[in-house]
Amino acid sequence: MTLTQWIFFALGIQVVHFLGTWKLYKAAGYQAWQAAVPIYNAFILMKIIKRPTWWVLLLFIPTINLILFGVIWVETLRSFGKNSAKDTLLVLATFGLYLFTLNYSQNPTPRADRSLQPKTGFGETVSSILFAV
């Protein structure tokens, strides 16, 4: 691919991200335009899902970013009260496009009291393996 094609690809990804999350940003107390600004939107998303901002740097490391995208999609769902295994499976199987259903639902509301600790031993194991990778 040429540089121009890569730029259009990156912009296309940003458009898809914006269309799938702008309402979630607003529900969390941010402005919709913040979901449209490349890289800055990742910093805001880390605040929404209550994860460290240095995770944004990991998004630029090949292979690690592929794992981290799935983690961020799941964390976004959980930040808005979607904790079921079905939701987790759907967001991973659709490569994050399942977030559109959350974004365009009647009233997405973020959970302020969300615990960041896994609820099961299996969840703890998966979390540890992902962190190690």
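Up top you'll find the structure we're talking about.
What comes next concerns the included structure. Given the structure is predicted, the values throughout are model-derived calculations rather than measurements. (Residues numbered from 1 in each chain as written. Predicted model: local features only at pLDDT ≥ 70, side-chain atom pairs only at ≥ 80, totals over all residues. Heavy atoms only, no water.)

A few points about the packing of aromatic side chains
Describing an aromatic ring pair means giving the distance of the ring centres and the angle of the ring planes.
And then number 1: Applying the stated criterion across every chain, the model contains 5 aromatic pairs.
And then number 2: With 6.0 Å between their ring centres and 85° between their planes, Trp-6 and Phe-9 make a pair best called edge-to-face. Residue Trp-6 and its partner Phe-9 are located together in helix 1 (residues 3–27), separated by 3 residues, close to a single helical turn.
And then number 3: The class of Trp-6 is partly exposed, set by a relative accessible area of 47%.
And then number 4: Taken together, a centroid distance of 6.3 Å and an interplanar angle of 15° make the contact between Phe-69 and Trp-73 stacked. With Phe-69 and Trp-73 both in helix 4 (residues 64–79) and 4 residues apart, this pair spans about one turn of that helix.
And then number 5: For Phe-69, a relative accessible area of 33% corresponds to the partly exposed category. (Phe/Tyr/Trp six-rings, centres within 6.5 Å; stacked < 30°, edge-to-face > 60°. Helix = DSSP H or I, 4+ residues; strand = E, 2+ residues; numbered from the N terminus. Buried < 20%, exposed > 50% of the residue type's maximum accessible area, 1.4 Å probe, protein only.)

Quick notes on unusual backbone geometry
Keep in mind that most residues, glycine aside, have a negative phi and that most peptide bonds are trans.
And then number 1: Even without being glycine, Ile-39 reaches a positive phi, approximately 70°.
And then number 2: For Ile-39, the position within the fold is in the loop between helix 1 and helix 2 (40–48).
And then number 3: The backbone of Thr-63 shows a phi angle near 75°, a positive value even though the residue is not glycine.
And then number 4: Examined against the element boundaries, Thr-63 turns out to sit in the loop between helix 3 (55–58) and helix 4.

Looking at the packing of helix 1 against helix 2
And then number 1: Between helix 1 and helix 2, the least distance of the axes is 12 Å, while the angle of their chain directions is 35°. Along this stretch, helix 1 crosses helix 2, giving a crossing that reads as left-handed. Residue-level contacts link Gln-14, His-17 and Tyr-25 of helix 1 to Asn-41, Ile-44, Leu-45 and Ile-48 of helix 2.
And then number 2: Residues of the contact of helix 1 with helix 2, tallied by class, amount to 4 nonpolar, 3 polar and no charged. (Axes fitted to C-alpha atoms, helices over the stretch in contact; angles between N-to-C directions. Left-handed = near helix turned anticlockwise from the far one by under 90°. Contact = heavy atoms within 4.5 Å. Nonpolar A, V, L, I, M, F, W, Y, C, P; charged D, E, K, R; others polar.)

Details of the nonpolar core
And then number 1: Membership of the largest hydrophobic core comes to 22 residues, with the highest contact counts inside it found for Tyr-25, Met-46, Leu-68, Ile-72, Leu-77 and Val-91.
And then number 2: If you list the elements that add at least two residues to this core, you get helix 1, helix 2, helix 3, helix 4 and helix 6 (99–103). (Core = buried A, V, L, I, M, F, W, Y, C linked by side-chain atoms within 4.5 Å.)

Structural notes on the environment of Phe-18
And then number 1: The residue Phe-18 is located in helix 1 in this model.
And then number 2: In this structure Phe-18 comes out as partly exposed when scored by relative accessible area, which is 26%.
And then number 3: With 14 residues separating them along the chain, Phe-18 and Ala-32 place their C-alpha atoms 8.3 Å apart.
And then number 4: What Phe-18 contacts, discounting residues up to four positions off in sequence, is Ala-32, Ala-35 and Ala-36.

As for the packing of helix 4 against helix 5 (residues 85–93)
And then number 1: Interhelical geometry of helix 4 versus helix 5 gives an angle of 140° and a closest axis separation of 10 Å. Relative to helix 5, the element helix 4 lies oblique. Relative to helix 5, helix 4 is oriented so that their crossing is right-handed. Residues Gly-70, Trp-73, Val-74, Leu-77 and Arg-78 of helix 4 form the contact with helix 5, whose participating residues are Asp-87, Thr-88, Val-91 and Leu-92. (Parallel < 35°, antiparallel > 145°, perpendicular 65-115°, else oblique.)

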